Amino acid sequence: MSRWFPMTCIALACLAPGAGPASAQSPAALAGGYAEAARRESPGFSGLSAARGEKFFQSTHGGDWSCASCHTANPAAPGRHARTAKALAPLAPAANAERFTSVATAEKWFKRNCNDVVGRECTAQEKGDVLAYLMQVGAGGAR
Ligand code: HEC
């Protein structure tokens, strides 16, 4: 699992020969990668928290937008881009099997969206917490 830590994956593993479709990952594997990275970032790390992730997802962080502004307060529901009104597929893996199956895609959008909402990149802990929350949201939005 450690070899699949996101940055390593982007730098090396995803470009490895034969990676192809086999490089597709599961949400749980991505969450494991974020947990490992969070442990490295902070010795006091004590695990990912879906509750903390939910709070992070639903809050504005001093700006106009929260994650829910585009992905809606129910991440199992289709979203709508707050600026362009473009339709967005649901973010919760239970409602959208394509979500969190690519480290590169997850990292690209975490980076862009965290900058838009929080004004900086998210930490590994924040990304892992949000993912833990999204993995708990059922296809119907129930938790
Ligand atoms: C201004 C609108 C907007 C906001 C606010 C927003 N997102 Fe997104 N998000 C998008 C768009 C657009 C995409 C890419 C299209 C798609 O995948 O549906 C996306 C995709 C993602 C993905 C890609 C997941 C995957 O594997 O496909 C993640 C992760 C994500 N957003 C997390 C977040 C988080 C966390 C926040 C809050 C910090 C957030 N987003 C706030 C618009 C937004």
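In what follows, the structure referred to is the one given above.
Residues numbered from 1 in each chain as written. Predicted model: local features only at pLDDT ≥ 70, side-chain atom pairs only at ≥ 80, totals over all residues.

Novice: Would you explain the overall build of the chain in this entry?
Specialist: The number of helices and strands found in the chain is six helices and two strands. Reading the secondary structure of the chain in the N-to-C direction produces α-α-α-α-β-β-α-α. Buried positions account for 31% of the 143 residues belonging to the chain. Contacts in the chain between residues at least 24 apart in sequence constitute 63% of all its contacts with a sequence separation of at least 6. (Helix = DSSP H or I, 4+ residues; strand = E, 2+ residues; numbered from the N terminus. Buried ≥ 20, exposed ≤ 12 C-beta atoms within 10 Å, placed from the backbone. Contact = placed C-beta atoms within 7 Å.)

Novice: It is not clear to me how the site of the ligand should be interpreted in this structure. Could you clarify?
Specialist: In the vicinity of the ligand there are 22 residues, among which Cys67, Cys70, Trp109, Asn113 and Val117 approach most closely. Elements with a contribution of two residues or more to the shell around the ligand: helix H4 (68–71) and helix H5 (103–118). A total of nine residues in the shell around the ligand trace back to one element, the largest contributor, which is H5. (Near = placed C-beta within 6 Å.)

Novice: Just to check I follow, could you spell out the environment of Leu30 for this structure?
Specialist: Relative to the assigned elements, Leu30 resides in helix H2 (residues 27–41). A C-alpha to C-alpha distance of 6.8 Å links Leu30 and Val103, two positions 73 residues apart in sequence. Leave out the neighbours within four places in its chain, and Leu30 touches Gln25, Phe100, Val103, Ala106 and Leu131.

Novice: Which parts of the structure should I look at to understand unusual backbone geometry?
Specialist: Trans peptide bonds make up most of the peptide bonds, and negative phi angles are found at most residues other than glycine. Here the phi dihedral of Thr72 falls at roughly 65 degrees; this positive angle occurs in a residue that is not glycine. For Thr72, a count of 17 C-beta atoms within 10 Å gives the class partly exposed. Phi angles above zero are rare outside glycine, and Phe100 is one such case at about 55 degrees. Tracing the backbone shows Phe100 in the loop between strand S2 (87–88) and H5. With 22 C-beta atoms counted inside 10 Å, the residue Phe100 sits in the buried group.

Novice: Explanation requested: H2 in the structure shown.
Specialist: Each turn of an α-helix holds 3.6 residues, which means side chains three or four residues apart point in the same direction. For H2, built from 15 residues, the straight-helix expectation of 21 Å at 1.5 Å per residue is met to within 8% by its first-to-last C-alpha distance of 21 Å. Of all the positions in H2, only Leu30, Ala31, Gly33, Tyr34, Ala35, Ala37 and Ala38 are classed as buried. (Expected span 1.5 Å × (residues − 1).)

Novice: Would you take a moment to explain the environment of Lys55 for this structure?
Specialist: Checked against the element boundaries, Lys55 lands in helix H3 (residues 50–58). In the structure, Lys55 is positioned 78 residues away from Tyr133 in sequence and 9.2 Å away in space, judged by C-alpha atoms.

Novice: Can you walk me through the environment of Ala124 in this structure?
Specialist: Positionally, Ala124 belongs in helix H6 (residues 124–136). Measuring from C-alpha to C-alpha, the distance between Ala124 and Arg39 comes to 8.8 Å, with 85 residues separating the pair along the chain. Residues within four places of Ala124 in sequence aside, it is in contact with Tyr34, Ala37, Ala38 and Glu41.

Novice: Looking at this structure, how should I read the packing of H2 against H6?
Specialist: Working note: a packed helix pair is described by the angle between its axes plus the distance between those axes. Where H2 contacts H6, the two axes come as close as 8 Å, and the packing angle between them is 150 degrees. When the axes of H2 and H6 are compared, the pair comes out roughly antiparallel. The chirality of how H2 crosses H6 is left-handed. Between H2, through Pro27, Leu30, Ala31, Tyr34, Ala35, Ala37, Ala38 and Glu41, and H6, the contact on the second element is made entirely by Ala124, Gln125, Lys127, Gly128, Leu131, Ala132 and Met135. Split by residue class, the contact of H2 with H6 holds 11 nonpolar, two polar and two charged. (Axes fitted to C-alpha atoms, helices over the stretch in contact; angles between N-to-C directions. Parallel < 35°, antiparallel > 145°, perpendicular 65-115°, else oblique. Left-handed = near helix turned anticlockwise from the far one by under 90°. Nonpolar A, V, L, I, M, F, W, Y, C, P; charged D, E, K, R; others polar.)

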